Every structure is written in C-alpha cells, then in structure tokens.
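# Summary of the model geometry
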Amino acid sequence: MATAADTWGINEAQFWLRGDHPEQPVKFDPATGLWNVYGYPEAHQILSDPKTFSSDTQRLLPEKVAKNFEAFSEGNLVNMDPPEHGHLRKLVSHAFTPKVVADLEPRIAELAGELLDGVGDRMEMVTDLAYPLPVIVIAELLGVPASDRGLFREWVDAMLNNNVQFTLTDTDEMEKQTAVAVEQVGKLTEYLREHAAERRRKPREDLLTKLVEAEVEGSRLSENQVVNFANVLLIAGHITTTALLGNTVLCLDTNPEQYAKVRADRSLVPAAIEESLRYFSPFALVSRATTEEVELGGQTVPADQLMMLWLAAANRDPRQFTDPDTYDVTRPANPQIAFGRGIHFCLGAPLARLEGRVALNLLLDRFPHLRSDPDDGPTFVPSPSMTAVRRLPLLLTP
Ligand code: HEM
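Each chain carries its own residue numbering, running from 1 in the direction its sequence is written. Totals for whole chains, interfaces and linings use every residue, but because this is a predicted model, local features are given only for residues with pLDDT of at least 70 and side-chain atom pairs only at 80 or more, for both listing and counting.

## Considering the sheet that holds strand β11 (residues 371-372)
The pairing of strands in a sheet happens through backbone hydrogen bonds and is either parallel or antiparallel. On the basis of which strands lie adjacent, the open sheet formed by three strands has the order β4-β14-β11 and antiparallel pairing. Since the sheet does not close on itself, it has two edges, and those belong to β4 (122-124) and β11, each with one partner. One ladder, built from two bridges, connects β11 with strand β14 (residues 393-395); its direction is antiparallel. Bridge pairing links S372 to L394 in β14. Strand pairing requires that DSSP identify at least two bridges connecting the strands. Here a helix means four or more residues in a row that DSSP labels H or I, a strand means two or more in a row labelled E, and each is numbered from the N terminus.

Here you go:
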C-alpha cells in the first residue's frame, strides 16, 4: 500500500540523494567536474581531516563565479581553515555552549507558546511555528529587530528558490545561478551593515556588539568580517532549524507507530529529533576542497578537487545504520552527522536541539489530535542542498 510519504514524493526525493550508484560511495561526475561523496565513513574521514580537505572551496570556483562570492567570504566561518577559523570561532563559541543555551529555554518556551496561542483548529507548521521561532531566537541573540523577520524570509526564500546546481563545467550557467543568490545575500548584508554601524555608535548587550568590539590577535574585525559573520549566524541560525521542526512533525505524522511511541513516552522526544536529523538531514550538502592527492572510498582523488559531501545520503548509509530508510526513534545508537563533525561542527547544535525539543513537546501537549491535512499535502524547499519542508498544513481537532 502506498504510504503518505510515497504520495507526496518524499521517498522518491530521498533516492536521488544516494546518487545513481549507491554501491559507489565516492564518485566523480564528469558532467559537473565535481566529486560526490555519498558514504558515511568517507564523509566522516573528510570532516575529520581539515588539512587534506579544506573548507576554502571558493579558490576552486571559476574566476567569474568566485568573484560573485568575494564580498561575502571575509569573516565567513564556514569557508575558513585553521588557524584563522579557530580565532574567529572562539569569539562567539561561548555564546552557544550547552550551559548558555540551556538558560534560553524559558524564553524559547514563552515564544513558542505565544506563537501557538495564535492558531485555531488548523495551522501551517512552517509559517505559524517552524519559521518564526528560530528566527526570533537568533534575531534576539544577535540584537536585530525580530519584527524584521518578514524581510529575512523574503531574501532567504528567494535565495533557496533559486535552486543552484553546482557545476564547474558550465561556468556561464553557474555564474547566472549564483548571481541571484548573491543578490539576496547582499540585501541581508547591507541590512546588517547598518545595524553593525549603529552598534559601533551605541553598544548594547548583544552578539552584534560583541563582534563589533571583538579583537583577534590584537586587532578589531573589519566591517566586512563583522557583517559576514553575523550573516552566517542569522542564516544558519534559522533556515536549518526551521527545516528540523517541520521535518520532525512530518516524520512523526508519516510514521504513526513512532508517533504513538513518542506521545506515550516523552523521554523519546530528543531521540525523535536526532532521528529526524538523520532521516531528513536539513543541511543536505557541505563542500570541501582537496589540498593533496588522497585515497577515499577506494578512489584516488587528485589535489584541488571540489568534493560535495551529501550528509543526507551519508546518514542513510546501510554500512552505518541498520534499516537506514526506516524512521525509528528507538535506534540503540544514532551517530548522525547532520551537524557535521570536527572543527566546523555546527556551533548552533545545542540551540537547534533545544528549540526542537521545546517545540515538539509543546505541540504534543497542546494538540492531542495533531496530524497532517490529507487534502493539502506538504511541499518542500526546491534547493538540492536542503532537505526541508516548506509548507505543512496541520489539523488540530478530532
Ligand atoms: C555549521 C547544520 C543550526 C550556526 C554547520 C554545519 C552543519 C550545520 C552541517 C557544518 C558545515 C561544514 O562543515 O561545512 C546545522 C543544522 C542545524 C543548524 C542541521 C539545525 C537543525 C544552527 C544554528 C546556528 C548555527 C541554530 C546558530 C545559532 C552554525 C555556524 C556554523 C555551522 C556558525 C559554522 C561553524 C564553523 O564553521 O566552525 N551547521 N546547523 N547552526 N552552524 Fe549549523
């Protein structure tokens, strides 16, 4: 019998993640000039070795494409290598430790409660909760007005809808595609530039002020570094968590036995979040550049190659996970790598997990009949680098 997941094309959408040859965990694609990595041990090897697999991937992009990104790379933690990466990361890491994040729980619960106060007998998961909750939390931490979140959504949606397909072989196409994304990120950058300038004049108790005042090796961050760093925090701080919240509800809704288990035993909520990170990894793709020739998954990869690591596929690798295509909240172990690993391990992981736990518990508390609308199925973010519900209509009454 076809399940809801088949009807909505979710299962099909997951297939391509593993590529044409699931038995081949590392595969060069001559059409794009890129190496795709689908396997868990291979992804693990890459993420654990920043010396051989550099995060400075922009140096390998065709010049005219790299130019598009130039303005945004300074201060972008994600694309930096040691030692600069460590210096910059240290500036904000204390703001995201498990202890500091745990103190945010009452505020997150209050916000989630207020957002759910506004719904009637149905809700749209993303618009009503999964988008506003993480975006308000990160805006408050950074110190930009949460009331501007409609603007962020417009810019970020336009960026995600652009559906950039990376290729090193068709540079015109790549330039065209990245130009749209860059234009949208540019709007966010300009917005943050104004707020950063304001903090220089009038410091406050927020992360943006900390960045403006921070010193690395005795010197202040440049304006571009501050703005791009804040940009990464603002974007990374919400799109993926929005995806996590929406995906988790979808996973439970389409797996009724698992849903019943979590309802009956709330101590399974954290496991439901972890399993949803594995099953529908929000940040489906990260990239790296080889700095030297290396053996990987039975292949010899030359130096200066662009590696596309499909975390979403690695998290479904049958060599690592038993029954990888089954959503199972009682897995005995779940070493999913949806937050990456190693030196770039997601800074916001404790925050995302907390938001997931608070939001899911509150939904279960308030709506014993919560389920998807059979007449109005979910849609997904069209970007291949994201696994994310974009719209998920829910019914709340029997
Ligand atoms: C890095 C995923 C939430 C901030 C990463 C990376 C992944 C990831 C895979 C590693 C990138 C790489 O190795 O190239 C996710 C997922 C999230 C999430 C799945 C939610 C479910 C957040 C939140 C924040 C955040 C809430 C901020 C508050 C960052 C930052 C980095 C990062 C700053 C860069 C770290 C570095 O390069 O050292 N994230 N993230 N993320 N994430 Fe997250």
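## Focus on the packing of helix α10 (residues 149-161) against helix α11 (residues 171-201)
Here an angle of 0 to 180 degrees is reported between the N-to-C directions of two axes, which are lines fitted to C-alpha atoms, with helices fitted over the stretch in contact. Following both chains from N to C, one finds α10 and α11 inclined at 160 degrees, their axes separated by 8 Å at the closest point. The angle between the axes of α10 and α11 places the two elements in the roughly antiparallel class. Between α10 and α11 lies a crossing whose hand is left-handed. Contacts from F152, W155, A158 and M159 in α10 reach A181, Q184, V185, K187 and L188 in α11. For the contact of α10 with α11, the residue count by class is seven nonpolar, one polar and one charged. In what follows, roughly perpendicular refers to angles from 65 to 115 degrees, roughly parallel to angles under 35, roughly antiparallel to angles over 145, and oblique to any angle outside these ranges. Crossing handedness is defined as follows: a turn of the near helix away from the far one that is anticlockwise and smaller than a right angle gives a left-handed crossing, while the clockwise case is right-handed. Throughout, a pair of residues is in contact if the C-beta atoms placed from their backbones lie within 7 Å. Any residue outside Ala, Val, Leu, Ile, Met, Phe, Trp, Tyr, Cys, Pro, Asp, Glu, Lys and Arg is labelled polar, Gly included; the first ten of those are nonpolar and the last four are charged.

## Structural notes on the site of the ligand
Close to the ligand lie 25 residues; G237, T240, G340, C346 and G348 are nearest. Listed by contribution, the elements that provide at least two residues to the shell around the ligand are α13 (223-236), α14 (239-253) and α18 (349-366). Tallied by class, the residues present in the shell around the ligand amount to 17 nonpolar, seven polar and one charged. A residue counts as near a molecule or strand when its C-beta atom, positioned from the backbone, falls within 6 Å of it.

## Remarks on the packing of α14 against α18
At a minimum axis separation of 10 Å, α14 and α18 run at an interaxial angle of 35 degrees. Relative to α18, the crossing made by α14 is right-handed. Counting all contacts with α14, which are made through T240, T241, L244, L245, T248 and V249, the residues of α18 involved are A352, E355, G356, A359, L360 and L363. Per-class residue counts for the contact of α14 with α18 are seven nonpolar, four polar and one charged.

## A few points about helix α4 (residues 63-73)
If you check which residues of α4 are buried, you get V65, N68 and F72. Down the axis of α4, the sector holding all buried residues measures 65 degrees, keeping them to one side. Opposite the buried face of α4, by more than 90 degrees, sit the exposed residues E63 and E70. Looking at the packing, one finds that the buried side of α4 touches α11 and α13. Three exposure classes are used, based on other C-beta atoms lying within 10 Å of a residue's own C-beta, which is placed from the backbone: buried for 20 or more, exposed for 12 or fewer, and partly exposed in between. What the arc describes is the spread of directions from the helix axis to the C-beta atoms.

## A short note on the nonpolar core
In terms of nonpolar packing, the biggest core is built from 102 residues, with V37, L133, L142, A230, L309, W310 and L311 touching the most fellow members. Ignoring sequence-local partners within four residues, the contact set of L133 consists of L111, A112, L115, L245, E355 and A359. Buried Ala, Val, Leu, Ile, Met, Phe, Trp, Tyr and Cys residues form a nonpolar core when they are connected through C-beta atoms within 7 Å.

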